[in-house]
There are 2 protein chains.
Amino acid sequence: MNFFEEVGKVAIGSRLRMLTDKVTEDAAQIYKLYHIDMQPKWFPVFYALVQGKEKTITELAKDIGHSHPSVSKIISEMLKKGYVKESKDKADGRRNVVSLSKKGVEISKEIKDQLIDVNAAIEEISAQAQHKLWEAIGEWEFLLEQKNLLRRVIEKKKERDSLKVEIVDYLPKYQEIFRSLNVEWISKYFTMEESDYKALDDPQGYILDQGGFILVALYEGEPLGVCALIKMDDDEYDFELAKMAVSPKAQGKNVGFLLASAIVEKARSLGASKIYLESNTILKPAINLYHKLGFKKVAGKPTPYARCNIQMELVVK
Amino acid sequence: MNFFEEVGKVAIGSRLRMLTDKVTEDAAQIYKLYHIDMQPKWFPVFYALVQGKEKTITELAKDIGHSHPSVSKIISEMLKKGYVKESKDKADGRRNVVSLSKKGVEISKEIKDQLIDVNAAIEEISAQAQHKLWEAIGEWEFLLEQKNLLRRVIEKKKERDSLKVEIVDYLPKYQEIFRSLNVEWISKYFTMEESDYKALDDPQGYILDQGGFILVALYEGEPLGVCALIKMDDDEYDFELAKMAVSPKAQGKNVGFLLASAIVEKARSLGASKIYLESNTILKPAINLYHKLGFKKVAGKPTPYARCNIQMELVVK
DNA sequence: TATATTTGCGTAACTGATTACGTAATTTAT
DNA sequence: ATAAATTACGTAATCAGTTACGCAAATATA
């Protein structure tokens, strides 16, 4: 048992499996004790049939939380013992309707005493334990139903990665990375256009000197993401969010989200009331990100970019 | 989930299995998330090796609570990946000593972040739950270690059966069952002797009228056990416990224990100070029963029975 | 009304564990 | 010193579940 204490709760899966084995290992002998000719694995199916008259294979599977092939196999075994009977549903020829046979009903009476004693034994254990296993399982089922372990781990990973990401202001030394990261994705999905070259070759003159901003995301000190806020000469919009690019190396490290959030925050601190952006719907992760930040789809703005097929805005205030 | 609430805690085994599945099902994907090329089932072995240098197959099996073939297989898979190395123990040629390879040690570093995040995710679930699963599992492991489920169920069955057993005084209508139950076991293991016939054919004259007693055990109203207390003409002993017989139909229903206890109690209520009995060591369940009641082995008493190879006494006071 | 999609369920293959068994090495007993 | 028992561990068979797949029936859609 020592092992588990050392590894920590990561091992909860293994530990659960072992407890399950321990609880289950005597089951066959318990049936023998009551002279009941039944395999432990049949029990859930059997019990589901005792309750609710006849049921189809799929209904049984859903009831007991197994896959349907599992139920199918169990039923064919119980059929051999004569505990159940099958019949095709007349209205729906696919359905195999199963119910307890006369012999099955007899067994269900015999099994009652056993259930009483097993229940009493388990209640005894529960009573001796300080912590309630039954209720704890229920809670875990509920919590995992709401958000499974994978998603929780992904979140934790993001949180931890975020701590390693630092968002800094643009400096001339970042010009090369600002250019290359953008060229990378643009030429992967589209082709570079006139306006791209202008902005990427001379960010100082084309963006910063016009009253815009550029932020750079450092992951453990290495610049892996860039994003620009371009001053717009427009009645409605103050800035355009553009030239956002994150290195594939930084994928899944939450860099995009942190970068975009920072740029929105920047705009807000500058007193902007509305931000505009242009993108393309084939860039799904990007669109999702904008959506998450609160950007809404708009239309009708003229654009110099051929690749633009969606326009979005964010009310900053 | 409804199902489990209805069946009651009997289904705790199934429910545990399902929770185990749910906790485990994402494991493979979690490894993928961190780009770690490892199968979830390797983890316990892997972890055990990270901790404690080199270990043999059997040591690993004991550490992680698996069977040794399981570990053997896992090691051969990890060997293919180059994560571990094997070597025969020079001092003991049977032992296969396993340790992490250089590549294995590297992986163990990469895996650290993953462990941190998984642990955090599980702690988060724990924090959201009112009942502590981890601690509850620990308690159940402990309680089942002390007394496994089978033994607990056996005890509960005995308790319940005891309620159905009633011990009553001998009546003439029980003479036939008194005779037949005794004839049954005596002639199964030995042969009937002169003294047997005397007592069984005329319990009234041979036992009761001499100051002895006979008790009958009824199981759900049916007489299934008998036991006699024969008055002895002896300095040391007041009564002999004899002609105890329980029907095979009542096996495992605690009838023997209740009957014998009642007869001892009877002797006590009559002011007896010492009870004597004769038996044979091939009747193991009977000897165990006498032992449980407190009878001790003695020797030296002359006996009319050929089948007697053990004599016992109980100090009643 | 024809066609595509969905549903029910059986069979087959796979999975992660187990028990059973055999062999070789070591230890214990005679 | 030899025989008997125990131990280490690999292979094979088994087990209780799963996923993958395919067929046939029913339902939805064009």
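Notes on the structure follow. Predicted, not measured: the structure shown is a model, and the values here were computed from it.

Let us now look at helix H6 (residues 68-81) of chain B. Residue and element names in this part refer to chain B. Look at H6: 20 Å from first C-alpha to last across 14 residues, which is about the 20 Å you get at 1.5 Å a residue. Looking at H6, one finds that the buried residues are Val 71, Ile 74, Ile 75 and Met 78. End-on view of H6: buried residues confined to an arc of 100 degrees, all on one side of the axis. Turned more than 90 degrees away from the buried face of H6 sit Pro 69, Ser 76 and Lys 80, all of them exposed. On its buried side, H6 packs onto helix H4 (43-51), helix H5 (57-64), strand E2 (84-88) and strand E3 (96-100). At the C-terminal side of H6, Gly 82 shows a positive phi close to 80 degrees.

Now for the relation of the copies chain B and chain A. Superposing chain B onto chain A requires a rotation of 179 degrees together with a translation of 0.1 Å along the rotation axis, leaving an RMSD of 0.3 Å. Between the two chains, the operation in question is that of a two-fold axis. A shared binding surface is used by both copies, with 100% of the interface residues of chain B retained as interface residues in chain A.

It is worth spelling out the sheet that holds strand E10 (residues 310-315) of chain B at this point. All names here are of chain B. In space, the 7 strands of this open sheet follow the order E4-E5-E6-E7-E8-E10-E9, with mixed pairing throughout. A single partner strand is all that each edge strand has here, and the edge strands are strand E4 (165-169) and strand E9 (296-298). The average angle at which neighbouring strand axes cross in this sheet is 30 degrees, direction not considered. As judged from the 6 bridges shared by strand E6 (residues 222-231) and strand E7 (residues 239-246), these two strands associate in the antiparallel manner. Its bridge partner being in E7, Ile 230 is matched across the sheet by Glu 240. Relative to E6, helix H13 (residues 255-269) is tilted by about 35 degrees, and along the sheet it contacts E4, strand E5 (213-219), E6, E7, strand E8 (274-279) and E10.

The next subject is the protein's contact with DNA strand C. Taken together, 17 residues form the shell around DNA strand C, and within it Pro 69 and Ser 72 of chain A together with Lys 41, Ser 70 and Gly 93 of chain B come nearest. By residue number, the principal contributor to the surface near DNA strand C is helix H6 (residues 68-81) of chain A, which donates 3 residues. Looking at the surface near DNA strand C residue by residue, the classes come out as 3 nonpolar, 9 polar and 5 charged.

A separate point is the pairing of strand E8 (residues 274-279) of chain A. The side chains of a regular strand alternate between both faces of the sheet. Residue and element names in this part refer to chain A. For strand E7 (residues 239-246) and E8, the ladder comprises 3 bridges, and the chain directions are parallel. Looking at the pairing, Glu 240 lines up with Tyr 276 of E8. Of the crossover connections in this fold, the one passing from E7 over helix H13 (residues 255-269) to the parallel E8 is right-handed. In the sheet, E8 pairs with strand E10 (residues 310-315) via 6 bridges, with the strands oriented antiparallel. From the neighbouring strand, Ile 275 faces E10, where its bridge partner is Leu 314.

Cut-offs applied
Residues numbered from 1 in each chain as written. Chains lettered and ligands numbered in written order. Predicted model: local features only at pLDDT ≥ 70, side-chain atom pairs only at ≥ 80, totals over all residues. Helix = DSSP H or I, 4+ residues; strand = E, 2+ residues; numbered from the N terminus. Expected span 1.5 Å × (residues − 1). Buried ≥ 20, exposed ≤ 12 C-beta atoms within 10 Å, placed from the backbone. Arc of directions from axis to C-beta. Contact = placed C-beta atoms within 7 Å. Least-squares fit on C-alpha atoms with pLDDT ≥ 70 in both. Pairing = 2+ DSSP bridges. Axes fitted to C-alpha atoms, helices over the stretch in contact; angles between N-to-C directions. Near = placed C-beta within 6 Å. Nonpolar A, V, L, I, M, F, W, Y, C, P; charged D, E, K, R; others polar. Right-handed = clockwise from strand over helix to strand, strands pointing away.

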